[in-house]
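# Structural features, examined
Below, each chain spelled out in residue letters.
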Amino acid sequence: MSSPGMLTAVTPPTAPIRRIAHLDMDAFYASVELLRYPQLKGLPVVIGGGRRREDDMLARLREAYPEREWTGDDLAHIPVEFFPLLGQYAGRGVATTATYPARQFGVGSAMGLMKAARLCPQAILLPVDFDEVRRISRLFKQTIREIAPVMEDRGVDEVYIDFTDVPGGQREGGRVLARLIQKSIFQATGLTCSIGVAPNKLIAKMASEFKKPNGISVVYEQDLEQLIWPLPCRKINGVGPKADAKLQGHGIHTIGELAQRERTWLIQHYGKSYGAWLHEVAWGRDERPVQTESEPVSMSRETTFDRDLHAARDRAELGAIFTRLCEQVADDLQRKGYVGKTIGVKLRYDNFQIVTRDSTIDHFTNEATSIRRQAGLCLKRVDLTRRIRLLGVRVGSLARLGEVPPEPERPPGPAQLF
Ligand code: DCP
Ligand code: MG
């Protein structure tokens, strides 16, 4: 008890430290199937080879036992022996994911199913059910938002979450909140996920992989040297296979080795922006905010080529890719109900230098052909003598379709003749 005149120890309020989480669902497509077929839990299951039709398994059952009525309620009771095995697969399909028991045999995402079948013929092969995947995806994200509202959607099975100002978000460096989120997601969906909590997105993304499946890893700034530096550079989100190969060529294999290179040396060899970025990430620095769902400012599509292309020598190939990108952006705009009036291009040259050009037109569009025309004009304004490794198309200054002012009517006159 304090009485007037007595000195009380007052601890000054400390500013919360930045704590960012990355959450990634475990063996997502496969786990979604196990909800339907719980009898497959603990078994090697591989997802791939097409999309699920309403009742793939029921159709098999009806064919084998036509005398019985089969309904959706029977799915959980289908005997394991009845499921199709990977070893029987023939075709050119690819595995999208595999359960952890299947991964023990070396099977994983993006592997050809024939190769997977050689590694683990006894695995059960199931197609993906995209509708169910999307439903569960929305459900787990909604569960997170109710606990921690600052969440960035990064795709079907992963998100970033800003723990910094969430009540309890600082306890044990974020571990307590991470546990609560894991538990709530499990209650809502029956699925497990893994979470990394760290000072920023970059490290959180690496940390969420440390204790997969169903794990939590808490990383502090001072853990950089011990936990991050031993990792291969490829673990950095943004270092792809090509950049990694180039780093390897310079004798840089781990993030620690990358951190030991001078910033100026990196800039010299990897370009001004990519080189500087490499230096920052190797030292664990990343200030990017967690961006909650908001009105998009722009939509873009880009692609990195299998080999560097030259504007003149690979004209046809480049032109086809360019057209495709414009079609994809137009499709994104139309699907999401947006139009835009700033159209731009982005190129990365073989030396990793990035250039962008854009121009704003006098009307809103979401048409592939007019995007292509404007983007083509932008392309004329960049140096096309260098070889290109990445090409992107972007439409900005967006407005919701239906909320844009109607186009002014063109005055009648000779122009109408055309
Ligand atoms: N996916 C895909 N093709 C790939 C990689 C993934 O279609 N080449 C799909 C299937 C995955 C989902 O995206 O289930 C999520 O991808 P992840 O990389 O997060 O893989 P998983 O969630 O399956 O496994 P993990 O437990 O390693 O996160
Ligand atoms: Mg995942």
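Check the entry above for the structure.
About the cut-offs
Residues numbered from 1 in each chain as written. Chains lettered and ligands numbered in written order. Predicted model: local features only at pLDDT ≥ 70, side-chain atom pairs only at ≥ 80, totals over all residues. Near = placed C-beta within 6 Å. Helix = DSSP H or I, 4+ residues; strand = E, 2+ residues; numbered from the N terminus. Nonpolar A, V, L, I, M, F, W, Y, C, P; charged D, E, K, R; others polar. Domains from an automatic or database assignment. Expected span 1.5 Å × (residues − 1). Buried ≥ 20, exposed ≤ 12 C-beta atoms within 10 Å, placed from the backbone. Contact = placed C-beta atoms within 7 Å. Pairing = 2+ DSSP bridges. Axes fitted to C-alpha atoms, helices over the stretch in contact; angles between N-to-C directions. Core = buried A, V, L, I, M, F, W, Y, C linked by C-beta atoms within 7 Å.

What follows concerns the site of ligand 1. Residues in close proximity to ligand 1 total 14 residues, the closest being Phe28, Tyr29, Thr96, Thr97 and Ser109. Those elements giving two or more residues to the shell around ligand 1 turn out to be strand S1 (20-25), helix H1 (28-36) and strand S3 (95-98). Of the residues that constitute the shell around ligand 1, the class distribution is seven nonpolar, three polar and four charged. For the shell around ligand 1, the two domains that each supply at least three residues are domain 1 (27-129) and domain 2 (132-225).

The subject of this paragraph is helix H14 (residues 368-379). The end-to-end C-alpha separation of H14 is 16 Å, in line with the 16 Å expected for 12 residues at 1.5 Å each. What H14 keeps buried is the set Ala368, Ile371, Arg372, Gln374 and Ala375. Check the buried side of H14 and you find it contacts helix H13 (315-336), strand S10 (338-349), strand S11 (354-365) and strand S12 (388-400).

With that out of the way, let us pick up the sheet that holds S10. Within the open sheet, the four strands sit side by side as S9-S12-S10-S11. Their pairing is antiparallel. Looking at which strands have only one partner, the edges of the open sheet turn out to be strand S9 (299-309) and S11. Taking the axes of each pair of neighbouring strands and ignoring which way they run, one obtains an average angle of 15 degrees across the sheet. Of the strand pairs in this sheet, S9 and S12 are connected by seven bridges, and their pairing is antiparallel. Across the sheet, Met299 pairs through a bridge with Val395, a residue of S12. Those strands touched by H13 are S9, S10 and S12, and its axis lies near 160 degrees from that of S9.

This part is about the nonpolar core. In this structure, Ala21, Val45, Val46, Ala123, Ile161 and Val197 are the most contacted members of the largest nonpolar core, which totals 73 residues. Residues Leu325, Leu333, Leu347 and Val395 belong to the second largest nonpolar core, which totals 19 residues.

Moving on to the pairing of strand S6 (residues 158-162). The element S6 is largely enclosed, with a buried count of four among its five residues. Bridge count for strand S5 (residues 151-153) against S6 is three bridges, and the pairing is antiparallel. Looking across to S6, one finds that Glu152 is bridged to Tyr160.

These figures capture arrangement, not role.
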